Amino acid sequence: MPILLVASIIVFIIGHSMPGDPASIMLGTEAADPEKLESARRQLGLDEPLAIQYFNWITGVVKGNLGVSLRTEKPIAKLILNRFPYTIELAIYALVISLIIAVPIGTLSAALDSRFLEWLVQLIMLAGMSIPAFWSGIVAILFFSVYLDVFPLVNFPHIWQAPGANLYSLFLPALVLAIPNAAVFTRMARSSSLETLEEDYIRTARSKGLSETRVLFKHLFKNALIPLVTLIGIRMGYLLGGSVIIEQVFSIPGLGRLGVQAIFQRDYPVFQSMVLIITTSFVIVNLIVDILYAYIDPRIRYS
Amino acid sequence: MNSDRTSISGYFQAGRRTLVKNKKGLVGFILLLLVVIGAVFAPFLTPYQPTEMNVLDKLKGPSFQHLLGTDRFGRDLLTRILYGIRTTLRISASSVLLSALVGSFIGILAAYSGGGIDTLIMRGMDILFAIPILLLAIAIAAIVKSGTLGAILAIGIVYVPIFARISRGPTLAVKEQSYIEAANATGQGSLSIIYRHVVPNVSAPIFVQITINLATAIIVESSLSFLGLGPTPPTPSLGVMISNGRNYLRLSPWPILVPGLGISTIILGFNLLGDALRETIDPKFKGTRTG
């Protein structure tokens, strides 16, 4: 909670440091009239001291009121409600895909002595860490949408309205976002599996005659994957931040696209809200991961 | 901790060992060498100017005249990526240097002061970590709004906490050593102790982090300029090239393929070199190959 509070102050400062006077941005050409400008400033609360402005804003936020857009003068909360599901879904979708890639390859490459798997780990690592996701996104569009036409560049249906079509249309963006993450997860899964394999209980399990598959599934996976859980919390930051760019690449109507457009329209309350919502989700995910971690690994207890 | 491994000369020895013994490091080094030579000597390597237009040759594929094809204004793509790499390297190197200087200063200061100051500083760093890096960079770039300088500041600031953390640990360890106590007893000032005894001991991990961070800084730099928050035309920028090329995807793939491959090559080079350095300096760390 204290982190969220301080983060909200930073977000507020960011929003207020954006170039341009919000009142004149809102009025456009009408800003030439000093009287109208003055009343707009009062309406936006800009005549108050900064601390009061922050207080007004944050109490509004707690009540679910994020203010109005300077461009459309519509409530931002409503705008975001439609957009946010895309962003969080994209991040979680990419998280799932990267786990599906990383867990089997990472653990098996450690447990089995396979040259192929080791090569595969190398490939994922180098590709994932060296190719920017926004570029591989455009290359994916080039091949799968323009040349092969497997993933047509359609509009993206909302998840509640058409879940199947939504998952299909978001597959390519999620995959692109997932690859750099899969690289990090694969490295972690592999190194922690290698460490776990050295543990006494694995030797005990093997020496008491358990089959290798049983050792792998019952003892190795369970223990080797624990460090991955904490990594998930950290990596959500990448996934949420990255989705801002991927939404831009694929023209997905998510929160990130809204926020980036807001920068260029100098609609600073919208941008500020976008940063706030994404940061809050990041903090909350980390909280959930911490709780989950204590639950999965009974050795960890938070005081 | 072995002082030979952590001192600056130790770092360069490790660097040499890395290039001689570690194939990955050598490949990374050669890739970077080629890229840097290409960027530095760009005016002598190509007969074209990065902004030179030729409408008759627009959106062409590779040919003998234009080795990597042309963009929608008929500008030579090879020339443009060479100049674009200059921009990218300038921005990423300046920003990583900025975050390394500021970050390690903060980290050393926190650890050396200890107590409440340490807690306060490191909590502040934690809060910067609470905002996703890319998002924070976008926000800072949007505020500063001045092309190249804005990008340098944005990327520089977001990586400060990493360098603060990296330099804090070794400083805490060094602080407990008896030679620091001895230096204190002989009446040396704190600054001189930090300069003579702490800095040499934290520099090796910082140098490794710089190499690795250059790779991620380039990703952030190209992402920012792709969004239009980096250097503005006529400064040639790889991210802007990709963003423009996207509109002509159906007509020609070259304007997006070429700059993207350029970016990825540099990042790959830094990643390979960084991994190899880390493996040599810290034998427990085995990057991509064995874990």
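The rules behind these values
Position labels on residues start from 1 in each chain and follow its written sequence. Written order decides the labels, with chains lettered from A and ligands numbered from 1. It should be noted that, the model being predicted, local features are given only for residues of pLDDT at least 70 and side-chain atom pairs only at 80 or more, the latter also being counted only at that level, while totals for whole chains, interfaces and linings use all residues. In this description a helix means any DSSP run of H or I spanning at least four residues, a strand means any run of E spanning at least two, and both kinds are numbered starting from the N terminus. Each residue is classed by its C-beta neighbour count within 10 Å, where at least 20 other C-beta atoms makes it buried, 12 or fewer makes it exposed, and intermediate counts make it partly exposed; the C-beta atoms are placed from backbone geometry. In this description, any two residues whose backbone-derived C-beta atoms lie within 7 Å of each other are considered to be in contact. Geometry is summarised by axes, namely lines fitted to C-alpha atoms with helices restricted to the contacting stretch, and by angles between N-to-C directions that run from 0 to 180 degrees. An angle below 35 degrees is read as roughly parallel, one above 145 as roughly antiparallel, one from 65 to 115 as roughly perpendicular, and any other as oblique. Left-handed is the label given to a crossing in which the near helix is rotated counterclockwise from the far helix by less than a right angle, and right-handed is the label when the rotation is clockwise. Polarity classes work like this: nonpolar for Ala, Val, Leu, Ile, Met, Phe, Trp, Tyr, Cys and Pro, charged for Asp, Glu, Lys and Arg, and polar for all others, with Gly in that last group. By definition here, a helix of n residues has an expected span of 1.5 Å times n minus one. Per-residue confidence from the predictor is given as pLDDT, running between 0 and 100. For our purposes the nonpolar core covers buried Ala, Val, Leu, Ile, Met, Phe, Trp, Tyr and Cys residues that link as a set through C-beta atoms within 7 Å.

A. Examining the overall build of chain B more closely. On a plain count of helices and strands, chain B comes out with 13 helices and zero strands. Looking at the 291 residues of chain B, the share that counts as buried comes to 51%. For chain B, the proportion of contacts with a sequence separation of at least 24, taken over those separated by at least 6, is 71%.

B. Highlighting the overall build of chain A. Each helix and strand counted, chain A has 14 helices and zero strands in total. If you line up chain A on its principal axes, its C-alpha atoms span 85 × 55 × 35 Å. The proportion of buried residues among the 303 residues of chain A is 41%. Considering only contacts within chain A whose residues lie at least 6 apart along the sequence, 69% involve residues at least 24 apart.

C. Representation of the packing of helix α1 (residues 2–17) of chain A against helix α14 (residues 268–296) of chain A. Residue and element names in this part refer to chain A. Put simply, α1 and α14 touch, their axes get as near as 9 Å, and they point 160 degrees apart. By the angle class used here, α1 and α14 are roughly antiparallel. With respect to the hand of their crossing, α1 and α14 are arranged in right-handed fashion. Where α1 approaches α14, its residues I3, L4, A7, S8, V11, I14 and G15 are matched on the opposing element by Y268, P269, F271, Q272, V275, L276, T279, T280 and V283. In terms of residue class, the contact of α1 with α14 is made up of 11 nonpolar, five polar and no charged.

D. Layout of α1 of chain A. Helix length check: α1 of chain A, at 16 residues, gives a terminal C-alpha distance of 23 Å against a target of 22 Å (1.5 Å per residue), a fit within 8%. Its buried side turned inward, α1 of chain A meets α4 (50–62) and α14 of chain A together with α6 (115–130) and α7 (133–144) of chain B.

E. Focus on the confidence of the model for chain B. Residue and element names in this part refer to chain B. For chain B, mean pLDDT is 80; residues scoring 70 or higher make up 87% of the total. Helix α8 (residues 147–158) holds the highest mean pLDDT among the elements of chain B, 89, whereas helix α1 (residues 3–6) holds the lowest, 46. Confidence over residues 1–5 falls short of pLDDT 50; this stretch has six contacts with residues more than four positions distant or in other chains. Interface confidence in the predicted complex, given as ipTM, is 0.84; pTM for the same model is 0.85.

F. Examining the packing of helix α5 (residues 77–113) of chain B against α8 of chain B more closely. Residues and elements named next belong to chain B. Contact geometry of α5 with α8 gives a least axis separation of 8 Å together with a crossing angle of 40 degrees. Considered as vectors, α5 and α8 are oriented oblique to each other. Seen from above, α5 lies across α8 with right-handed handedness. Together, I91, S92, S94, S95, L98 and S99 of α5 and T148, A151, I152, I155 and G156 of α8 make up the contact between the two elements. Looking at the contact of α5 with α8 residue by residue, the class counts come to five nonpolar, six polar and no charged.

G. Examining the interface of chain A and chain B more closely. Between chain A and chain B, the residue contacts involve 40 residues of the former and 32 residues of the latter. Secondary-structure elements contributing two or more residues to the side of chain A that touches chain B are α1, α6 (115–130), α7 (133–147), α9 (171–197), α12 (226–250), α13 (255–264) and α14 of chain A. Taken together, the residues of the side of chain A that touches chain B sort by class into 30 nonpolar, nine polar and one charged.

H. View of unusual backbone geometry. Residues and elements named next belong to chain A. Backbone geometry at S251 places phi at a positive 55 degrees, although glycine is not the residue there. Of note, S251 is situated in the loop between α12 and α13. For S251, a count of 13 C-beta atoms within 10 Å corresponds to the partly exposed category. Despite not being glycine, R266 has its phi angle at roughly 55 degrees, a positive value. Within the secondary structure, R266 sits in the loop between α13 and α14. Classification of R266 by C-beta neighbours within 10 Å gives buried; the count is 20.

I. Inspection of the nonpolar core at higher detail. If you look at the biggest cluster of nonpolar residues, it comprises 160 residues, and the most contacted ones within it are L90 of chain A together with A137 and I138 of chain B. Top contributing element to this core by residue count: helix α11 (residues 190–227) of chain B, with 17 residues. Among residues more than four places away in sequence, those in contact with A137 of chain B are A154, I155, V158, V220 and L224 of chain B.

J. Seen up close, α6 of chain A. The end-to-end C-alpha distance of α6 of chain A, which contains 16 residues, comes to 22 Å, matching closely the 22 Å that a straight helix rising 1.5 Å per residue would cover. Of the positions making up α6 of chain A, those classed as buried are V121, I124, M125, G128, M129 and S130 of chain A. Residues of α6 of chain A that are buried in the fold lie against α5 (76–111) and α9 of chain A together with α11 and α13 (254–281) of chain B.

K. Layout of the environment of L224 of chain B. Residues and elements named next belong to chain B. Within the fold, L224 resides in helix α11. Each C-alpha atom of the pair L224 and P205 lies 28 Å from the other, and the pair is 19 residues apart in sequence. With near-sequence residues (within four places) excluded, L224 lies in contact with A137, I138, A141, A151, A154, L229, G230 and G239.

L. Layout of the confidence of the model for chain A. Taken over all residues, the pLDDT of chain A has a mean of 82, while the share at 70 or more is 96%. The secondary-structure element of chain A with the lowest mean pLDDT is helix α2 (residues 22–27) of chain A, recorded at 73, while α5 of chain A shows the highest, at 89.

M. How the structure looks around the environment of S193 of chain A. Residues and elements named next belong to chain A. With respect to the helices and strands, S193 occurs in helix α9. A C-alpha to C-alpha distance of 9.0 Å links S193 and S109, two positions 84 residues apart in sequence. Beyond its immediate stretch of four places on either side in the chain, S193 contacts G106, T107, A110, A111, L220 and A224.

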